[in-house]
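Reading the structure
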Amino acid sequence: MYAERITSSANQFQEPPVPRSLARWLRVLVPAVLIVAWLAAAAVGGPYFGRVEEVSSNDQTTFLPESADATVVQTRLDEFQDSDSLPAILVFTSDEKLSESALGELQESLDRAAGVDGVLEGGSPAIPSEDGLAVQAILPLDPDAETGEVLAEVEDAATEGMPEGVRLHITGPAGFSAELSEAFAGIDGVLLLVALAAVLVILVLVYRSVILPIAVLLTSVLALSAALLAIWWLAKAGVLLLSGQTQGILFILVIGAATDYSLLYVARYREALRENRSKRIATGVALRGTIEPVLASGGTVIAGLLCLLLSDLRSNSTLGPVAAIGIAFAMLAALTFLPAVLYALGRVAFWPRRPHYDPELSASGAQATARGVWAAVARFVRRHPRPIWIITTLLLIVGASGLTQLRADGVPQSDLVLGESQARDGQVALGEHFPGGSGSPVYVLAPEKDMAEVAGVLAGSEAIDGVSITVDGSSSTTATLSADGGIESLVPGESPAARVSQGDVLIQATLVEAADSEQAAEDVRALRGPLHEISEQVYVGGVTATAVDTNDAAVHDRDLIIPLVLGVIFVILVLLLRSLLAPFLLILTTVLSFGTALGVSAIVFNQILDFPGADAAVPLYGFVFLVALGIDYNIFLMTRVREEAKAHGTRDGITRGLAITGGVITSAGVVLAATFSALAVIPILFLAQLAFIVAFGVLLDTFVVRSLLVPALADDIGKRIWWPSRLARADD
């Protein structure tokens, strides 16, 4: 039956519905047009690799829901400030008490720093600490300038003539922003090179060929170039929002997915070349066998990613379409460019291990499945299905128990960058000598009529060290609180109310604790209750409030999107496998695998790497990528099993499907794990954690779930796995 089907498929390609001469021209023209079109797209899109920062932003407030307190405050902040600036906090510390002459010299250093291009007017003077061991000052930077370069010049100017024994740290929003930008700077270069190098090495080891790895790698690069071109212009038009984090994930996802889909096609093409003398017929057979699983796999990933559109966080909702566009181009390149190139090259593409035409294999219509590692694994599963799936399930459950150690409730801004951090050291020094929230105040936007009551709540809180009120945005006039909690006059003899602009006022409060600390977050939550009771028009923003709103939105997204993704993937699997039971079991095994990956990762993060915690979005990102990508390997396996089951019965189909697909799926899993591991070269905590979770989870899916658990479970259930389709009632 299988041989008849292959022969029938081949005959379809042997009878062109056009004259022979025209058919020959089309066989040359169509592949040539596809190859030229992709190369042209890459030539146009390639230069955009170095221009992503033109349309991207790492400002956390731009990713918050529009209704969030921090977002409302951020959008109104310019009305109360003379300029839209990025504050840099300079902290000078000494082991000995600073003398008057030393303070004077530090003020001169600050004056020099204030004259650097990119530093705006309105900086603060040198403010000594109560213990006399430190001085702080705030310099507003032009947000459109290159923050890292400006701060380097500021540091040079400030340290020139600095008193002996004094140390300088630059921290605050500008300091952390510069370090984030520097960390993400490696995305266009280091990340891409590491990922491509890892893929190339694996492909050379897998194929032991010279030409084929280059063709597969070129497919991935072309897909990424074309995707980036489309995404760049959509971001330029304001349709999409890009960040360094999204950019890094896009690069890795497209390279990994395009390589996986290419490996599947290459395996089918090699198989078809052994069964068919003509490379044209082999190309047609390979495409017919590849299109369904690739479209199903890519469609599953795209559907899962598009579920992120329902996210409250724009960093999540915009990642969905950005990554979905990347996956679409990965599928398109693997199903058009690669087949065109391999058709042009024929068997030469596999040199020096060319697949030779085997008439006996062609006549039997079956691949030799009796030899090789995966044939042995398939026979082992066939002999002991029930013990295998029970033992592997128990082991996965043990690994998933580590979920109790997962701390995904957010991390301080100072811990986002791995390794040494001057901004983090400066934050520590600031907290030792000044109120922890210095330079990163809590901003409270309140109606004019509620000004005194709101200010009183803030002034009466033990979490607040100081309060000031901006009542006139045009002149930045500031009111301060008196000892009894009242508002002091702005001008001698003039009531504050007389100078308050009609509408809202901006109240600034300095936290006792560091603005990015867990205690500061709790303090902001505690303050919001009584402040919101005063009026629904009172909004609390600032660095700490932004972190609080981000974590809350991430938890909301996790609870909403994870069940939705599972539902969407289940529907796709039902349509693909024409079954209800098989998709249900595949979903269960993938979720169990995800739980194990996350549990083991939690233990590694806490006990081995000593990470401070995890971003609240880490479980969601890990879930979307692992479930959507992990189900790919089950799709690759089960579509082939279903194909073989039609001809040989379910249990033989499982054995044959595992033996035939074992090598290609394992290679695909190793490639995807290697590409995601490349994210670890970017010293960002979130990306390092995501890299480990996805890489470990993909390998777990590849070597345990897809190789042992799924085929053993399916073999134990037998033909009922296809219930309620006709295959469930066929002879086995």
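Scroll up for the structure.
A short tour of the structure in this document, coming up. Since we're looking at a predicted model, the values are computed, not measured.

**Details of the overall build of the protein chain**
Broken down by element type, the protein chain carries 24 helices and nine strands. For the protein chain, buried positions account for 56% of its 732 residues. Sequence-distant contacts in the protein chain: of pairs separated by 6 or more residues, those separated by 24 or more amount to 81%. Here the protein chain has roughly 29,900 Å² of accessible surface; of this, 58% comes from carbon and sulfur atoms.

**Quick look at helix α14 (residues 373-383)**
Those residues of α14 that fall on the buried side of the exposure criterion are W374, A375, A378 and V381. For α14, the arc enclosing every buried residue in end-on projection is 125°, short of the 170-degree limit, so these residues lie on one face. Residues of α14 that are exposed and point more than 90 degrees away from the buried face comprise V373 and R383. If you follow the buried residues of α14, they end up packed against α15 (385-400), α23 (650-677) and α24 (685-717).

**Focus: unusual backbone geometry**
A cis amide bond links W351 to the next residue, P352, at an omega of 10°. Position of P352 among the secondary structure elements: in the loop between α12 (337-345) and α13 (359-364). Each neighbour pair has its own omega, and for W723 with P724 the value is 5°, a cis peptide bond. Looking at the secondary structure, you find P724 in the segment after α24. Here the phi dihedral of R578 falls at roughly 55°; this positive angle occurs in a residue that is not glycine. One can find R578 in the loop between α20 (543-577) and α21 (581-608). Looking at R578, the relative accessible area reads 41%, which means it is partly exposed. The backbone of D610 shows a phi angle near 55°, a positive value even though the residue is not glycine. Checked against the element boundaries, D610 lands in the loop between α21 and α22 (618-648). Relative accessible area serves as the criterion here: at 62%, D610 is assigned to the exposed category.

**Let's talk about the side chain of R706**
Along the polypeptide, R706 turns up in helix α24. Buried and without a salt bridge, R706 has D701 as its closest oppositely charged side chain, separated by 8.7 Å. A distance of 3.2 Å separates the side chain of R706 from the side chain of S707, its partner in a polar contact. Setting aside residues up to four positions removed in sequence, R706 forms contacts with W374, Y633, N634, L637, L658, G662, I665, T666, D701 and P711.

**Focus on the packing of aromatic side chains**
All chains considered together, the criterion is met by eleven aromatic pairs. Ring geometry for Y265 and Y269: centres 5.8 Å apart, planes at 15°, overall stacked. Here Y265 and its partner Y269 are both found in helix α9 (residues 244-275), four residues apart, which amounts to about one turn of the helix. Residues Y265 and Y269 agree in their burial class; the two are buried. Judged by centre distance (6.2 Å) and plane angle (70°), the rings of Y633 and F636 are edge-to-face. Here Y633 pairs with F636, and both are found in helix α22, just three residues apart, close to one helical turn. An aromatic cluster of at least three residues, connected via ring pairs, comprises F605, F611, F692 and F696. The ring of Y343 has K279 lying over it, and the distance from NZ or CZ to the ring centre is 5.0 Å. A cation over an aromatic ring shows up here: R706 above the ring of W374, its NZ or CZ 5.0 Å from the ring centre.

**Quick look at the side chain of T246**
As for its placement among the helices and strands, T246 is situated in helix α9. Once you skip the residues sitting within four places of it in the chain, T246 turns out to touch S315, L319 and V322.

**Some points on the packing of α20 against α21**
Packing of α20 against α21 brings their axes to within 8 Å, and their N-to-C directions diverge by 140°. On the basis of their axis angle, the class for α20 and α21 is oblique. α20 and α21 meet at a crossing whose hand is right-handed. Residue-level contacts link L566, I569, F570, L573, V574 and L577 of α20 to A582, P583, F584, L586, I587 and V591 of α21. Residue composition of the contact of α20 with α21, grouped by class: twelve nonpolar, no polar and no charged.

**Some thoughts on α22**
An ideal rise of 1.5 Å per residue puts 45 Å on 31 residues; α22 measures up with 44 Å between its terminal C-alpha atoms. Here α22 lies mainly inside the structure; 28 of its 31 residues are buried. Just downstream of α22 lies G649, where phi reads positive at about 95°.

**Considerations on a negative patch on the surface**
There is a patch of like negative charges on the surface, built from E53, D117, E146, E149, E153, D156 and E160. Relative to the helices and strands, E160 is located in the loop between α5 (147-159) and β4 (166-171).

**Thoughts on the packing of helix α10 (residues 279-306) against α12**
The N-to-C vectors of α10 and α12 enclose an angle of 155°; their axes lie 9 Å apart at closest approach. Accordingly, the angle class assigned to the pair α10 and α12 is roughly antiparallel. Between α10 and α12 lies a crossing whose hand is right-handed. Along the contact surface, α10 presents K279, R280, T283 and L287, while α12 presents P339, Y343 and A344. Here the residues of the contact of α10 with α12 are counted per class, giving four nonpolar, one polar and two charged.

**Quick look at the sheet that holds strand β3 (residues 134-141)**
The strand order across the open sheet formed by four strands is β2-β3-β1-β4, and the pairing between neighbours is antiparallel. Taken across any chain shown, the strands that pair with only one partner, and hence form the sheet edges, are β2 (127-128) and β4. Packing against the sheet, α5 makes contact with β1 (86-94), β3 and β4, and its axis sits at approximately 160° to β4. Sheet strands in contact with helix α16 (residues 422-433) are β1, β3 and β4, and its direction is about 110° off that of β4.

**Quick look at the environment of P213**
Along the chain, P213 turns up in helix α8 (residues 211-236). Linking P213 and L263, residues 50 residues apart in sequence, is a C-alpha distance of 9.8 Å. Residues within four places of P213 in sequence aside, it is in contact with L200, L203 and V204.

**Thoughts on the pattern of salt bridges**
For the coordinates displayed, the defined rule picks out 15 salt bridges. The closest approach of N and O atoms between R578 and E292, which form a salt bridge, is 3.4 Å. Linking R578 in the loop between α20 and α21 with E292 in helix α10, this pair joins segments that are 286 residues apart in sequence. Residues R640 and E643 are paired through a salt bridge, measuring 4.0 Å at the closest nitrogen-oxygen approach. Residue R640 and its partner E643 are both found in helix α22; the two are separated by three residues, about one turn of the helix. By sharing partners, the salt bridges in this structure join R268, E271, R640, E643, E644 and R656 into a single network.

Conventions adopted
- Residues numbered from 1 in each chain as written.
- Predicted model: local features only at pLDDT ≥ 70, side-chain atom pairs only at ≥ 80, totals over all residues.
- Heavy atoms only, no water.
- Helix = DSSP H or I, 4+ residues; strand = E, 2+ residues; numbered from the N terminus.
- Buried < 20%, exposed > 50% of the residue type's maximum accessible area, 1.4 Å probe, protein only.
- Contact = heavy atoms within 4.5 Å.
- Areas by Shrake-Rupley, 256 points an atom, 1.4 Å probe, with all protein chains shown as cover.
- Arc of directions from axis to C-beta.
- Lys, Arg positive; Asp, Glu negative; His and termini not counted.
- Salt bridge = Lys/Arg side-chain N within 4 Å of Asp/Glu carboxyl O.
- Polar contact = N/O pair within 3.5 Å; in protein donor to acceptor, adjacent residues only side chain to side chain.
- Phe/Tyr/Trp six-rings, centres within 6.5 Å; stacked < 30°, edge-to-face > 60°.
- Lys NZ or Arg CZ within 6 Å of the ring centre and 35° of its normal.
- Axes fitted to C-alpha atoms, helices over the stretch in contact; angles between N-to-C directions.
- Parallel < 35°, antiparallel > 145°, perpendicular 65-115°, else oblique.
- Left-handed = near helix turned anticlockwise from the far one by under 90°.
- Nonpolar A, V, L, I, M, F, W, Y, C, P; charged D, E, K, R; others polar.
- Expected span 1.5 Å × (residues − 1).
- Patch = residues over 30% accessible without salt bridge, like charges linked within 9 Å, V, L, I, M, F, W, Y side chains within 5 Å.
- Charge placed at Lys NZ, Arg CZ, Asp CG, Glu CD.
- Pairing = 2+ DSSP bridges.

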